[in-house]
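Analysis of the macromolecular model
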Amino acid sequence: MLDKILNLGQNPKMNFDRIKEKLNILADAAKYDVSCSSSGSNRKNTGKGLGDSSGMGICHSYTEDGRCVSLLKILLTNHCIFDCAYCVTRKSNDVKRAAFKVQEVVDLTISFYRRNYIEGLFLSSGIFKDADYTMERLIQVAKKLRLEENFNGYIHLKSIPGASDELMREAGLYADRLSVNIEIPTKSGLKLLAPDKNHEDFLKPMKKVKNEIMQYKQESRLIKSTPKYAPAGQSTQMIVGASGESDRDIMYSANYFYKKFDMKRVYYSGYVPVTTDPRLPSIGSEVPVLRESRLYQTDWLLRFYGFDVRELLNQDFLNLEMDIDPKLSWALRNRHLFPVDINTAEQQMLLRVPGIGVRSVGKIMQARKFRRLNWEHLKRIGIASNRAKYFITCSPGEVALKDSSSEHLKQIILNNSASKFRKTFSSQLSLF
Amino acid sequence: MRKVALVYDGTLEGFLTCLFTAYEEKLEVQDISPEGEAVGMLFSGMEEVITDFVKSGRVWKALKKKSSEATLKQIKWAFLSEKKGIENTLFLMIQYIFSETNPVDGDYSHPAVLEVAQTARKVSREKHRMEAFVRFRLTKDNIYFAAIEPDFNVLPLIKNHFKNRYADQYWIIYDLKRKFGLHYDLSVVKFISLDLDPSIGISGGSAAYFDEKELEFQRLWKEYFESVNIKSRANSKLHLQHLPKRYWKYLTEKNLLML
Ligand code: SF4
């Protein structure tokens, strides 16, 4: 029966009502995958085809929860033979099922792209029949888009855990990005919540993709015309707050994926309760959005600010502080390194000052070439110092708030800052 | 030094000619404004500057020697903001650049340099928003058509983006405010000016002009947009921050009434 639902072939007339219904079911089921990135590729539009993904990805809209909409993100089908507890698509869940035909996905992608609604396609799927059978269908969509439609927009394919090396090789020839969602950061959690899956099944396609990317890179150095292989690399996602894991568990896993598999991005997705399963937070529990954003901040500190994960989380410090950001938290634990002189500090150290971001560091480095900077200059070049002022000086003679204890300093900063999380935070606190 | 207010034709070349004139005739410039916007000043004479490509070219060349590519871009983009008085700020910045022997175009503690950079950033943001929020609608004559009303004059800046992306379809992006548009005919992009029936609007797909399936695709897109929302994560503050209300008029997903 599935074969019939998923049959290929041209679709002479789009049946809009039917497509609309499928779109409703299969976009709804795909939305828990938070990755929306459409950047990092370098697929240029040569030869007058359709689309170009050589620039930065663009958000063409934003959902009412403020997330970027840049790709048509859908499942090919939500039929699934597995029963992962945290997933709406799981076999035992009583939901409406649907499946797109390969050609329908191609047509939708092209029609949306031509209207400038999207940057491309993000196609995932429930596992029907087996991993390879599913992966093959995903590849067919990508292949048709590239070869028949001459489409140079962005294509993100989900690597189906357990898919063969051969298919993963082919997938990378048409996709810009491949991802396998590890979902559960600890092995024990995975066993408990996704008993059908094993850890190795996730790692296998990741390894294959990483090796292929490396090999293609080397070849393209020698031969100019080597085809592209997943130019935007791979990414993965972890669900936060579904399996009792610590922030350290999550960030150490993330660090492992960045280092070991050259991941371009790791995404953190606050668990949205979708089941009454006793192994999981119950329906109606609040989505841990604050924790999720603290994890993203930590992720940024690792990738752009030169922090080592062990500085931010370790045996003595298992979980991030919720009321302050991880950089401030780190600085308060390392007061002996501050204050730093804004005119002489090295760039790496400026990056570690709370309240000063990458862009501000750039401005400071630039402006201090022309003159010694004082507080007035900082203000003029647009550096907000309400937070930074406790950690920097502008001249050697200045006295900083040295005597104040870290705990006290934290209170001062919290009282003075209208944290955008303040409200969320207090509403979460009031639960206890 | 003679005190004057200069009036020019509103083009970048015209503005650069003003600078040339100011230096050549050693003028004390009180104000530079485009035609039609100049306010007569009691204490200085008003002088019209005729755009001269040779003169403007010389100013640009001199500027190139003393500033980075990024600065030149900022100057162009800030100029396209059409912000009242931006010419005077640009003039101050360029004077500062010419007066110093070392390059100072990155000195953001100079007020004019900072203002130009900030204005350019605003223009850049508008450019990106237009690249994101332009919504093409397929017309009966097989042209993908979009109408926009950007805060700044960004059409010249978004031209290449759309040309590279939509190389195999006919398209028009029309600035309703400034009454000109870009038209791509599968080989080149040209500036055009049209007599548009106002009923063509920014969204919707009136049967008089648009393909019969056009509305169906808009409905599909709206269906998609609504399906990806996660209610338990609702955050309208963030939503509005990314998608300010004044841009909603472009967005099918925000406008189209489900029929
Ligand atoms: S295999 Fe994937 S789609 Fe199927 S239940 Fe598990 S997570 Fe959901």
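To be clear, the structure that these remarks concern was listed above.
All of the points below concern the structure found in this document. (Residues numbered from 1 in each chain as written. Chains lettered and ligands numbered in written order. Predicted model: local features only at pLDDT ≥ 70, side-chain atom pairs only at ≥ 80, totals over all residues. Heavy atoms only, no water.)

1. Overview of the overall build of chain A
When its secondary structure is counted, chain A shows 16 helices and ten strands. A total of 432 residues make up chain A; the buried ones form 57% of that total. Summarising the internal contacts of chain A: among those between residues at least 6 apart in sequence, 69% fall at separations of at least 24. Accessible surface for chain A amounts to roughly 18700 Å². Of this, 52% is attributable to carbon and sulfur atoms. (Helix = DSSP H or I, 4+ residues; strand = E, 2+ residues; numbered from the N terminus. Buried < 20%, exposed > 50% of the residue type's maximum accessible area, 1.4 Å probe, protein only. Contact = heavy atoms within 4.5 Å. Areas by Shrake-Rupley, 256 points an atom, 1.4 Å probe, with all protein chains shown as cover.)

2. Digging into the overall build of chain B
Each helix and strand counted, chain B has nine helices and eight strands in total. By residue count, 52% of the 259 residues in chain B fall in the buried class. Restricting the contact set of chain B to residue pairs at least 6 apart, pairs at least 24 apart contribute 67%. Total accessible area computed for chain B in this model is approximately 12500 Å², and 54% of it derives from carbon and sulfur atoms.

3. Points about empty space enclosed by the protein
All names here are of chain A. One pass over the structure, following the stated rule, counts two cavities of 30 Å³ or more. Approximately 620 Å³ is the volume attributed to the largest cavity. Residues that form the lining of the largest cavity fall into these classes: 20 nonpolar, nine polar and seven charged. By volume, the second largest cavity is sized at about 30 Å³. Around the second largest cavity, the lining residues are Asn-386, Arg-387, Ile-413, Asn-416 and Ser-417. Within the lining of the second largest cavity, the residues separate by chemical class into one nonpolar, three polar and one charged. (1 Å grid on protein atoms, 1.4 Å probe; cavity = no way out; pocket = protein on both sides within 12 Å on 5 of 7 lines; lining within 4 Å. Points joined across faces, edges and corners; volume = space filled by probe spheres on them. Nonpolar A, V, L, I, M, F, W, Y, C, P; charged D, E, K, R; others polar.)

4. Section: the sheet that holds strand β2 (residues 27-34) of chain B
All names here are of chain B. Strand order in this open sheet of three strands is β2-β1-β3, and the pairing throughout is parallel. The two strands at the open ends of the sheet, each matched to only one other strand, are β2 and β3 (45-48). In this sheet, adjacent strand axes meet at a mean angle of 30 degrees when their direction is disregarded. The pairing of strand β1 (residues 2-8) with β2 spans seven bridges and is parallel. Bridge pairing links Val-7 to Ser-33 in β2. Contacting β1 and β2, helix α4 (residues 86-99) crosses the sheet at an angle of about 140 degrees to β2. (Pairing = 2+ DSSP bridges. Axes fitted to C-alpha atoms, helices over the stretch in contact; angles between N-to-C directions.)

5. With respect to unusual backbone geometry
Residue and element names in this part refer to chain A. At the junction of Phe-338 and Pro-339, the peptide bond is cis and its omega measures out at -5 degrees in the coordinates. In this structure, Glu-183 is a non-glycine residue whose phi angle is positive, near 60 degrees. Examined against the element boundaries, Glu-183 turns out to sit in the loop between β6 (177-179) and α6 (187-193). Here Ala-230, not a glycine, exhibits a phi torsion of approximately 35 degrees, which is positive. Here Ala-230 lies in the loop between α7 (199-222) and β7 (234-240). On the basis of relative accessibility, which here comes to 2%, the residue Ala-230 falls in the buried class.

6. A few points about the nonpolar core
In this structure, Tyr-86, Met-251, Tyr-268, Ile-342 and Phe-391 of chain A together with Phe-15 and Ile-32 of chain B are the most contacted members of the largest nonpolar core, which totals 105 residues. Ranked by size, the runner-up nonpolar core spans 103 residues in total, among them Tyr-117, Leu-157 and Ala-163 of chain A together with Leu-138 of chain B. (Core = buried A, V, L, I, M, F, W, Y, C linked by side-chain atoms within 4.5 Å.)

7. Quick look at a nonpolar patch on the surface
Residues Trp-300, Phe-304 and Val-358 of chain A make up a contiguous nonpolar surface patch of roughly 290 Å² in combined accessible area. On the secondary structure map, Phe-304 of chain A appears in helix α9 (residues 289-304). (Patch = residues over 30% accessible without salt bridge, like charges linked within 9 Å, V, L, I, M, F, W, Y side chains within 5 Å. Salt bridge = Lys/Arg side-chain N within 4 Å of Asp/Glu carboxyl O.)

8. Points about helix α13 (residues 358-367) of chain A
In an α-helix, one full turn covers 3.6 residues, which means residues spaced three or four apart are oriented alike. Residue and element names in this part refer to chain A. Taken residue by residue, α13 has Ser-360, Val-361, Ile-364 and Ala-367 as its buried positions. Buried positions in α13, seen along its axis, are confined to an arc of 135 degrees and lie on one side of it. Buried-residue contacts for α13 involve α12 (347-350) and α14 (375-380). (Arc of directions from axis to C-beta.)

9. Quick word on the interface of chain B and chain A
Each side of the interface is counted separately: chain B has 56 residues, and chain A has 53 residues. Note on chain B versus chain A: buried area summed over both sides is about 5100 Å², and carbon and sulfur give 56% of it. In terms of surface lost to chain A, no three residues of chain B exceed Arg-165, Tyr-224 and Arg-233 of chain B, which account for 16% of the buried area on that side. Remark: the boundary between chain B and chain A carries four salt bridges. Taken together, chain B and chain A are joined by 23 residue pairs in polar contact (both at pLDDT 80 or more). Looking at the side of chain B that touches chain A, the elements with two or more residues in it are α5 (111-133), α6 (155-165), α7 (214-227), α8 (236-242) and α9 (252-255) of chain B. Here the side of chain B that touches chain A gets ten residues from one element, more than from any other, and that element is α7 of chain B. Here the side of chain B that touches chain A is built from residues that sort into 28 nonpolar, 15 polar and 13 charged. (Buried area = accessible area lost by both parts, 1.4 Å probe. Polar contact = N/O pair within 3.5 Å; in protein donor to acceptor, adjacent residues only side chain to side chain.)

10. Observations concerning the environment of Lys-231 of chain B
As for its placement among the helices and strands, Lys-231 of chain B is situated in the loop between α7 and α8. In this structure Lys-231 of chain B comes out as exposed when scored by relative accessible area, which is 73%.

11. Describing the packing of aromatic side chains
Under the criterion given, the structure shown has 30 aromatic pairs over all chains. Relative to Phe-98 of chain B, the ring of Tyr-23 of chain B has its centre 5.9 Å away and its plane inclined at 80 degrees; by these criteria the two rings are edge-to-face. Separated by 75 residues along the polypeptide, Tyr-23 of chain B in helix α1 (residues 12-24) and Phe-98 of chain B in helix α4 bring together distant segments of the chain. Among the aromatic residues, ring-to-ring pairing joins Tyr-113 and Phe-151 of chain A together with Phe-136, Tyr-144, Phe-162, Tyr-166, Trp-171 and Tyr-184 of chain B into one connected group. Above the face of the Trp-300 of chain A ring, Arg-303 of chain A is positioned so that its terminal group lies 5.7 Å from the ring centre. Sitting above the plane of the Trp-330 of chain A ring, Arg-352 of chain A keeps its charged end 4.9 Å from the centroid. (Phe/Tyr/Trp six-rings, centres within 6.5 Å; stacked < 30°, edge-to-face > 60°. Lys NZ or Arg CZ within 6 Å of the ring centre and 35° of its normal.)

12. Topic: a positive patch on the surface
A cluster of like positive charges, contributed by Arg-359 of chain A together with Arg-121, Lys-122 and Arg-125 of chain B, occupies part of the molecular surface. Residue contributions to the positive patch peak at three residues, all from α5 of chain B. Of note, Arg-359 of chain A is situated in helix α13. (Lys, Arg positive; Asp, Glu negative; His and termini not counted. Charge placed at Lys NZ, Arg CZ, Asp CG, Glu CD.)

13. Some thoughts on the pattern of salt bridges
Residue and element names in this part refer to chain A. Overall, the coordinates contain 30 salt bridges over all chains when judged by the stated rule. Residue Arg-279 is joined to Asp-277 by a salt bridge in which the shortest nitrogen-to-oxygen separation is 2.6 Å. Taken together, the salt bridges that share partners define one network made up of Glu-166, Arg-169, Lys-208 and Glu-212.

14. Quick look at helix α11 (residues 326-333) of chain A
Residues and elements named next belong to chain A. Extensive coverage of α11 is indicated by the burial of seven of its eight residues. Turning to α11, its buried residues are Pro-326, Lys-327, Leu-328, Ser-329, Trp-330, Ala-331 and Leu-332. Looking at the packing, one finds that the buried side of α11 touches α9, α10 (309-312) and α15 (406-416). Between the side-chain oxygen of the N-cap and the backbone nitrogen of Lys-327 there are 3.0 Å, and the N-cap of α11 in question is Asp-325.

The quantities given are spatial measurements derived from coordinates; they are silent on function.
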